Amino acid sequence: MDKTQIALIIPVFLLYLALLLTAIIDLTKNWNTRKNPIIWLVVIIVINVFGPIAYFIFGRKEDAN
């Protein structure tokens, strides 16, 4: 790899890592209120980029007002 490829990959990897960690932290903070938290943890970790995105779209419980 040359320097331009590395310069493009590093920001994408850092964004992915931030999304992954944010999803895991949110899941652990709300472990008792989530449906099937073990399954969501596996989805977040195993399904690369789409796992954390799916968690934020479908897995988070909305607060009732």
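As shown above, the structure is provided for reference.
These notes cover the structure that comes with them. What you are looking at is a predicted structure, and each value in this text was computed from that prediction instead of being measured.

**Looking at the environment of Ile6**
No. 1: Considering the arrangement of structural elements, one finds Ile6 in helix α1 (residues 3-29).
No. 2: Assessed through its relative accessible area of 39%, Ile6 is described here as partly exposed.
No. 3: For the pair formed by Ile6 and Lys29, sequence separation is 23 residues and the distance between their alpha carbons is 34 Å.

**A word on the pattern of salt bridges**
No. 1: All chains considered together, the criterion is met by one salt bridge.
No. 2: Arg34 is the salt-bridge partner of Asp26, the closest N and O atoms lying 3.0 Å from each other. Of the two residues, Asp26 and Arg34, both sit in the buried class.

**Some points on unusual backbone geometry**
No. 1: You will see that Asn36, though not glycine, has its phi angle at about 55°, which is positive.
No. 2: Its place among the elements puts Asn36 in the loop between α1 and α2 (37-46).
No. 3: We note that Asn48 has phi near 20°; this positive angle belongs to a residue other than glycine.
No. 4: By the element assignment, Asn48 lies in the loop between α2 and α3 (50-59).
No. 5: Since its relative accessible area comes to 49%, Asn48 is described here as partly exposed.

**What about the packing of α1 against α2?**
Helix packing for two helices is described by the angle between their axes and how far apart those axes are.
No. 1: At their nearest, the axes of α1 and α2 sit 10 Å apart, and the two run at 175° to each other. Looking at the two axes, α1 sits roughly antiparallel to α2. Listed contacts from α2 to Leu20, Ala23, Ile24 and Leu27 of α1 are Pro37, Trp40, Leu41, Ile44 and Ile45.
No. 2: A breakdown of the residues in the contact of α1 with α2 according to their chemical character gives nine nonpolar, no polar and no charged.

**What to know about the nonpolar core**
No. 1: Formed by Tyr16, Leu20, Ala23, Leu27, Trp40, Val43, Ile44 and Tyr55, the largest nonpolar core amounts to eight residues.
No. 2: Every element with two or more residues in this core is listed here: α1 and α2.
No. 3: A per-element tally of this core places α1 first, with four residues.

Here is what the cut-offs are and how they apply
- Residues numbered from 1 in each chain as written.
- Predicted model: local features only at pLDDT ≥ 70, side-chain atom pairs only at ≥ 80, totals over all residues.
- Heavy atoms only, no water.
- Helix = DSSP H or I, 4+ residues; strand = E, 2+ residues; numbered from the N terminus.
- Buried < 20%, exposed > 50% of the residue type's maximum accessible area, 1.4 Å probe, protein only.
- Salt bridge = Lys/Arg side-chain N within 4 Å of Asp/Glu carboxyl O.
- Axes fitted to C-alpha atoms, helices over the stretch in contact; angles between N-to-C directions.
- Parallel < 35°, antiparallel > 145°, perpendicular 65-115°, else oblique.
- Contact = heavy atoms within 4.5 Å.
- Nonpolar A, V, L, I, M, F, W, Y, C, P; charged D, E, K, R; others polar.
- Core = buried A, V, L, I, M, F, W, Y, C linked by side-chain atoms within 4.5 Å.

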